[in-house]
Structure formats: structure tokens, C-alpha cells
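Results of the structural survey
One-letter residues, chain by chain:
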Amino acid sequence: MQSVGAKCYRHLGTLEVRLRLEFPRVPMNRFVLDTSIFTNPDVFRTFGPDAQEAIRVFVQLAHAAGAEFFMPGSVYEELRKVKDLSEVAADFESVVRIRSPRKHQLTIPGTLLYELIEEVRYRIDRGLRIAEEAAKEAAQADTHPGKLINKLRGRYREALRQGILDSKEDVDVLLLSFELEGSLVSADEGLRKWADKVGIEIVHPLRFRRILEKLGERNTDMPGESSTVGD
């Protein structure tokens, strides 16, 4: 014969299972943002005609989405240097947590470092070849030196910087996404490429607004939840 305590314990266990089935826990989405969301015209125009209006619309959608948003401190400072956020900074910081990655506590795959070194070596060699070609062209051509220098700079910049992590801000975004297991939102090709190498989920920036709208709609449909987003 079962004791009263055993019966209560079994009843509570059954109730807990029913509650889990009827009200499953929905994991909260985490997004780590890069400056390109608000500096790349093709991206920020999905939210608004200019960067400030884009941030206002983003803040409204973010409030309704029921998700978490992060941006490293170095990236936020970079954004504030290139865009005037004086009128929207408080609203932005109310939904986006400004936090740097815990660099000294993170462990990243060693293969990432090997691949990065190989990539840098390849690009240095490529840059040297471009410089050699430019020197030969300058020796044989009558073109104004300024035009040749501009051409060299463009090719050299593309060879060494396009598609690679080329700033500490890029590394901060990647590390924070890795640490938080968050979804990276960036239009930077190099950052997206290297984030994919370590298994970070990537959100296409041109679809970011629609994703936020969908999350807001989902929250509205949930019992006891309501949200309103202005146009």
C-alpha cells in the first residue's frame, strides 16, 4: 500500500509533465548585431530611409519581438562615431545590451587560428604580386602616377581585407556570438564567413526585419502576451 507522500509525489510528477506538454518553454532568441545593420544603406533601408529612423523602427520591433539583442562595446563606439545617435541612443540601449565578450574565459577551436594564419599568408603573397604588377605597369606607362596609385590601393585593399576578419570590432562580434550562442546579424562578408567556420548561426541582414516582425506576431498570438509595433 502506497503512502500518502508517495501518491502526492506521483501526482505532482504527472502534473509537471502535463504543464510541460501544454505550455512548452520557448527558447529566447539571441541576436548579436554588427554596425553594418545601421551603416549599410541596403540593410538599414529595410527599416527606414535613414539610419536614425531605421534605429527607431528597429527599437519598436525589438521591443515586440521578445528576444535578446547584444552589441559589443567596441562596435557600439564605432557606430556612434559614424552615425549621430544623440536622439536615439537611449531607446537603442533600452533594447540592445552593450557588452563585450569575456575574452579571457573563452575557448575557441584551434583550427580557426591555423586557418586564419594560412589565409593571412595567402593574402600577403597576393598583395605582393599586385604590388609587383603595379610597379611594372608604372615603369612602362605614361599614365599619371595618381591614377596608378588609386588603382593599386583598390586592388590591394580588396586582396588583403575583403572576406577576412580585419578589425578588433569584427573579432569582438564573432567572440560574443560564440560565447552567447547567439545569431550573428551582419552584412560583413568576412565576418559571416569566419563565424560560419566556428558554427555560429547567421541571419541574413536583409531578412532581419521580417524575422523580428514574425517574432512579434508569435508573441502576440501567445496567451497573455500583447505587443504593438508602429509603422
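Quick caveat, the model's predicted, so the values are computed rather than measured.

Read from one edge of the open sheet, five strands run 3-2-1-4-5, paired in parallel fashion. The outermost strands of the open sheet, each flanked by one partner alone, are strand 3 (96-98) and strand 5 (202-203). Sheet strands touched by helix 9 (residues 168-180): strand 1 (30-33), strand 2 (68-71) and strand 4 (183-185). Its angle to strand 1, the strand with the most contacts, is close to 170°.

This brings us to empty space enclosed by the protein. Inspection of the entire model under this criterion finds one cavity of 30 Å³ or more. For the largest cavity, the calculated volume is near 60 Å³. In terms of lining residues, the largest cavity is bounded by I130, A134, E137, L148, K151, L152 and R155. Elements supplying a minimum of two residues to the lining of the largest cavity: helix 7 (110-140) and helix 8 (145-161).

A few words on the pairing of strand 2. In summary, the side chains of a regular strand alternate between the two faces of the sheet. Residues E68 and F70 line one face of strand 2 and the alternating positions F69 and M71 line the opposite face, and both faces are buried. Of the strand pairs in this sheet, strand 1 and strand 2 are connected by three bridges, and their pairing is parallel. Paired with R30 across the bridge in strand 2 is E68. Relative to strand 3, strand 2 is paired through three bridges, and the arrangement is parallel. In the sheet register, F70 faces strand 3, and the bridge partner there is R97.

What counts as what
Residues numbered from 1 in each chain as written. Predicted model: local features only at pLDDT ≥ 70, side-chain atom pairs only at ≥ 80, totals over all residues. Heavy atoms only, no water. Pairing = 2+ DSSP bridges. Helix = DSSP H or I, 4+ residues; strand = E, 2+ residues; numbered from the N terminus. Contact = heavy atoms within 4.5 Å. Axes fitted to C-alpha atoms, helices over the stretch in contact; angles between N-to-C directions. 1 Å grid on protein atoms, 1.4 Å probe; cavity = no way out; pocket = protein on both sides within 12 Å on 5 of 7 lines; lining within 4 Å. Points joined across faces, edges and corners; volume = space filled by probe spheres on them. Buried < 20%, exposed > 50% of the residue type's maximum accessible area, 1.4 Å probe, protein only.

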